[in-house]
Amino acid sequence: MNQRDLEYIAHRIASTAAQSAPDRRPTAAQVADAASVLRDMLQAAGMHGLTFKHFDSVADFPRLALQLVQARDESR
């Protein structure tokens, strides 16, 4: 994964966060954690020949990553 990939992940997470309803808007820490989660998912999937394009054809993984991090924080 190169710098361009990391910047694209950050952009996608930030864009998704900005579209969140005001009462569900993630914190800066949650945005950072979600970007890390998505990066790690893509790196693991890459070992199987999968790319962000494949992820996008199935689901909104940036939104999923944010929801996962928010669910984690709500359960604490």
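As a reminder, the structure under discussion sits directly above these lines.
All values derive from a computational prediction rather than experimental measurement.

Trainee: Please provide a residue-by-residue account of the pattern of salt bridges, values included.
Mentor: Pairing is possible between side chains that carry opposite charge, provided their charged atoms lie close to one another. Scanning the model with the defined rule gives seven salt bridges in all. The partner of Arg63 in a salt bridge is Asp60, and the shortest N-O contact between them spans 3.2 Å. Exposure remark for Arg63: the relative accessible area of 29% places this residue in the partly exposed category. Between Asp73 and Arg76 there is a salt bridge, with the nearest N and O atoms lying 3.7 Å from each other. The exposure class of Asp73 is partly exposed, given its relative accessible area of 26%. By relative accessible area, Arg76 is classed as exposed at 71%.

Trainee: Can you explain the nonpolar core? Please cite residues and give values.
Mentor: Membership of the largest hydrophobic core comes to 14 residues, with the highest contact counts inside it found for Ile9, Ile13, Ala34, Leu38, Leu42, Phe52 and Phe55. At five residues, the largest contribution of residues to this core is made by helix 2 (residues 28-46). Setting aside its immediate chain neighbours within four residues, Phe55 contacts Met41, Leu42, Ala45 and Phe61.

Trainee: An account of the packing of aromatic side chains is needed here, citing residue identities and associated values.
Mentor: Enumeration according to the criterion identifies two aromatic pairs in this entry. Summarising the aromatic geometry, the rings of Tyr8 and Phe52 are spaced 5.3 Å apart at their centres and angled 70° between planes, so their arrangement reads as edge-to-face. You can see Tyr8 sitting in helix 1 (residues 3-18) and its partner Phe52 sitting in helix 3 (residues 52-58), a full 44 residues away along the chain. Look at Phe52 and you get buried, because its relative accessible area is 13%.

Rules used in this analysis
- Residues numbered from 1 in each chain as written.
- Predicted model: local features only at pLDDT ≥ 70, side-chain atom pairs only at ≥ 80, totals over all residues.
- Heavy atoms only, no water.
- Salt bridge = Lys/Arg side-chain N within 4 Å of Asp/Glu carboxyl O.
- Buried < 20%, exposed > 50% of the residue type's maximum accessible area, 1.4 Å probe, protein only.
- Core = buried A, V, L, I, M, F, W, Y, C linked by side-chain atoms within 4.5 Å.
- Helix = DSSP H or I, 4+ residues; strand = E, 2+ residues; numbered from the N terminus.
- Contact = heavy atoms within 4.5 Å.
- Phe/Tyr/Trp six-rings, centres within 6.5 Å; stacked < 30°, edge-to-face > 60°.

So yeah, pure geometry; function would need other evidence.
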